[in-house]
Amino acid sequence: MSQAYTPGLTITPYAKLKKIRKLPIKGEVLVGIGEWVKPESIVARAFLPGPAHIVKAGEILGVAGEDLEKHLLKKVGDKVEENEVIASSTSFFGLSKKFVRSPIMGTIENISPITGNITIREEPKPLLLPAYVEGEVVEILPNEGVVIETKGAFLQGIFGVGGERWGQLKVVVSSPAEPIREIKEELKGCVIVGGTIDGEMLRRAAEVGVKGVVVGGIFDEVLRDFLGYDIGVAITGQEDIPLTLIIMEGFGELPISQRAFNLFKRFDGFLASINGATQIRAGVMRPEIIIPHKEEMPAFEVKLMNQLLEGTRVRVIREPYFGLLGKVVALPPEPRILETGAKARVAEVLLDNGERVIVPRANLEIIVD
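Since the structure is predicted, the reported quantities are computational estimates derived from the model, not experimental observations.

Student: Lay out the overall build of the chain in plain terms, naming residues and giving numbers.
Tutor: When you go through the chain residue by residue, the secondary structure sums to four helices and 27 strands. The 369 residues of the chain split such that 47% are buried. Pairs at least 24 residues apart make up 65% of the contacts formed inside the chain by residues separated by at least 6 positions. Counting every atom, the chain has about 18,800 Å² of accessible surface; 51% of that belongs to carbon and sulfur.

Right, here's the structure in full:
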């Protein structure tokens, strides 16, 4: 019988996780090995060069570039305040004076004797790297960052938007399929969990200051309206939105799986770190929920099937059927020519909506119930 490897989602109450935290540029590590950090702890920092501003000093004073030096009041490396005079000239026996003022607070980086321009650079801007998860620093990456080890529940969703956030986990429904119908002010700063959510409640969550929303499913038009554009299925996580949204099952009116819901209920009230970043095309990055805890239990992890068989429950992870659930009903042994012209091995899938579709096997994800 035909087989295929497909990726899957991890849902486990207890796992040992190591998170690599790295600056995008070289910087300074601020913590040491063995140090216990919280999500908001700054573990490393770097300084991004400020933007440069060009001041046409020669043109303002009416002098050639090679003559600018004798009119300068500052030199390269000097710090200047906004509106501070950095050069001046006097003419007509002192009756006419001209001044060149700095448009910003910064440092003089260059004075050109050719163009007569002065380059002033704004002060460097600090780039602070938070720990993101609570745990122990187990490795230092010199000038780059750290590795943090944490133990706790770990769940992956199928799709998300919004970046790293953290807050108290609050399950606001009583069953996996129940939609979120109310968001009270006291949920500000929390990560809330519900079966589904509509546009009104999503906007309410943002208004209240909820840090994250985790649901089984959401209609794609609700997500599009919330974002203000169609996001597609490439790489997410950088959206400029006030909360992080994680979809556990897919698009539509889909409940959270019972296993995931039970975990959320079990750790209701715990601190959770979430990240909606998703990379669908390569299948290497999924939105995540990490719930550190100190309950000692045998390491458990969902054993994901790696064989695609007739009868296997699957989710489609690419358009045009992205997020839809179904069951494999046939696995043709010979590759087929796809609409794109590519040749690939496919599966025939009976979707939950009753439609039979042909999908490349690489576009399927096995679901373990």
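Student: Before we move on, can you summarise the packing of aromatic side chains with the specific residues and values?
Tutor: Tallied over the full model, the rule gives two aromatic pairs. Measuring from ring centre to ring centre gives 5.6 Å for Phe159 and Phe251, while their planes differ by 55 degrees; the resulting arrangement is tilted. With a gap of 92 residues between them, Phe159 in strand 14 (residues 159-161) and Phe251 in strand 18 (residues 244-251) connect regions that are remote in the sequence. The exposure class of Phe251 is buried, given its relative accessible area of 16%.

Student: Explain a negative patch on the surface residue by residue, including any values.
Tutor: Taken together, the side chains of Asp220, Glu221, Asp225, Asp230 and Glu319 define an acidic patch exposed on the protein surface. Looking at the element boundaries, Glu319 is found in the loop between strand 21 (313-316) and strand 22 (325-330). A relative accessible area of 52% places Glu319 in the exposed class.

Student: Help me get a handle on the side chain of Thr196, residues and values and all.
Tutor: Here Thr196 shows up in strand 16 (residues 190-196). A relative accessible area of 12% places Thr196 in the buried class. Contact partners of Thr196, with chain neighbours within four places excluded, come to Glu178, Pro179, Ile180, Val215, Gly217, Glu253 and Leu254.

Student: Describe the nonpolar core, and please don't skip the residues or the numbers.
Tutor: With 48 residues, the main nonpolar core has Leu155, Val213, Leu245, Phe264 and Ile289 as its most contacted residues. Broken down by element, the residue count for this core peaks at five residues, all from strand 18. Setting aside residues up to four positions removed in sequence, Val213 forms contacts with Ile180, Ile192, Ile197, Leu202, Ala205, Leu243, Thr244, Leu245 and Ile246. Counting residues in each nonpolar core, the second largest holds 17 residues, with Leu129, Val137, Phe154 and Ile290 among its members.

Student: If you had to explain the sheet that holds strand 9 (residues 106-111) to someone new, which residues and values would you point to?
Tutor: Pairing is antiparallel in the open sheet, where four strands are placed in the order 5-10-9-6. In this open sheet, the two strands that pair with only one neighbour each are strand 5 (52-55) and strand 6 (79-80). Relative to strand 9, strand 6 is paired through two bridges, and the arrangement is antiparallel. By the bridge assignment, Lys79 is partnered in strand 9 with Thr107.

Student: A description of the sheet that holds strand 11 (residues 125-130) should follow, citing residues and the corresponding values.
Tutor: On the basis of which strands lie adjacent, the open sheet formed by three strands has the order 2-4-11 and antiparallel pairing. Whereas interior strands pair on both sides, the edge strands pair on one side only; in this sheet they are strand 2 (28-29) and strand 11. For strand 2 and strand 4 (residues 42-48), the ladder comprises two bridges, and the chain directions are antiparallel. Across the sheet, residue Glu28 finds its bridge partner in strand 4, namely Arg45.

Student: Which residues make up the pairing of strand 10 (residues 118-122), and what values do they have?
Tutor: Note: strand 5 against strand 10, four bridges, orientation antiparallel. Within the sheet, the bridge partner assigned to His53 lies in strand 10 and is Ile120. The sheet contact formed by strand 9 and strand 10 spans five bridges and is antiparallel. When the bridges of strand 10 are listed, Ile108 appears paired with Ile120. Between the antiparallel neighbours strand 9 and strand 10 lie six residues, among them Gly116 with a positive phi of about 75 degrees.

Student: Can you lay out the environment of Arg313 for me, pointing to particular residues and giving the numbers?
Tutor: As for its position among the elements, Arg313 is in strand 21. With a relative accessible area of 28%, Arg313 lands in the partly exposed category. When the C-alpha positions of Arg313 and Leu325 are compared, they lie 7.6 Å apart, and in sequence the two are 12 residues distant. Reaching out from Arg313, the side chain makes a polar contact with the side chain of Asp352 at a distance of 2.8 Å.

Student: Give me the lowdown on the confidence of the model for the chain, citing residues and values where you can.
Tutor: Detailed reading of the predicted coordinates is not advisable wherever pLDDT falls low. Per-residue pLDDT for the chain averages 87, and the proportion of residues at 70 or more is 89%. Scored below 50 in pLDDT, residues 1-7 makes 25 contacts in the model with residues more than four places away or belonging to other chains. Low pLDDT (under 50) marks residues 300-306, which in the prediction has 20 contacts with non-local residues, meaning those over four places away or in another chain.

Definitions and limits used
- Residues numbered from 1 in each chain as written.
- Predicted model: local features only at pLDDT ≥ 70, side-chain atom pairs only at ≥ 80, totals over all residues.
- Heavy atoms only, no water.
- Helix = DSSP H or I, 4+ residues; strand = E, 2+ residues; numbered from the N terminus.
- Buried < 20%, exposed > 50% of the residue type's maximum accessible area, 1.4 Å probe, protein only.
- Contact = heavy atoms within 4.5 Å.
- Areas by Shrake-Rupley, 256 points an atom, 1.4 Å probe, with all protein chains shown as cover.
- Phe/Tyr/Trp six-rings, centres within 6.5 Å; stacked < 30°, edge-to-face > 60°.
- Patch = residues over 30% accessible without salt bridge, like charges linked within 9 Å, V, L, I, M, F, W, Y side chains within 5 Å.
- Salt bridge = Lys/Arg side-chain N within 4 Å of Asp/Glu carboxyl O.
- Lys, Arg positive; Asp, Glu negative; His and termini not counted.
- Charge placed at Lys NZ, Arg CZ, Asp CG, Glu CD.
- Core = buried A, V, L, I, M, F, W, Y, C linked by side-chain atoms within 4.5 Å.
- Pairing = 2+ DSSP bridges.
- Polar contact = N/O pair within 3.5 Å; in protein donor to acceptor, adjacent residues only side chain to side chain.
- pLDDT = per-residue confidence, 0-100.

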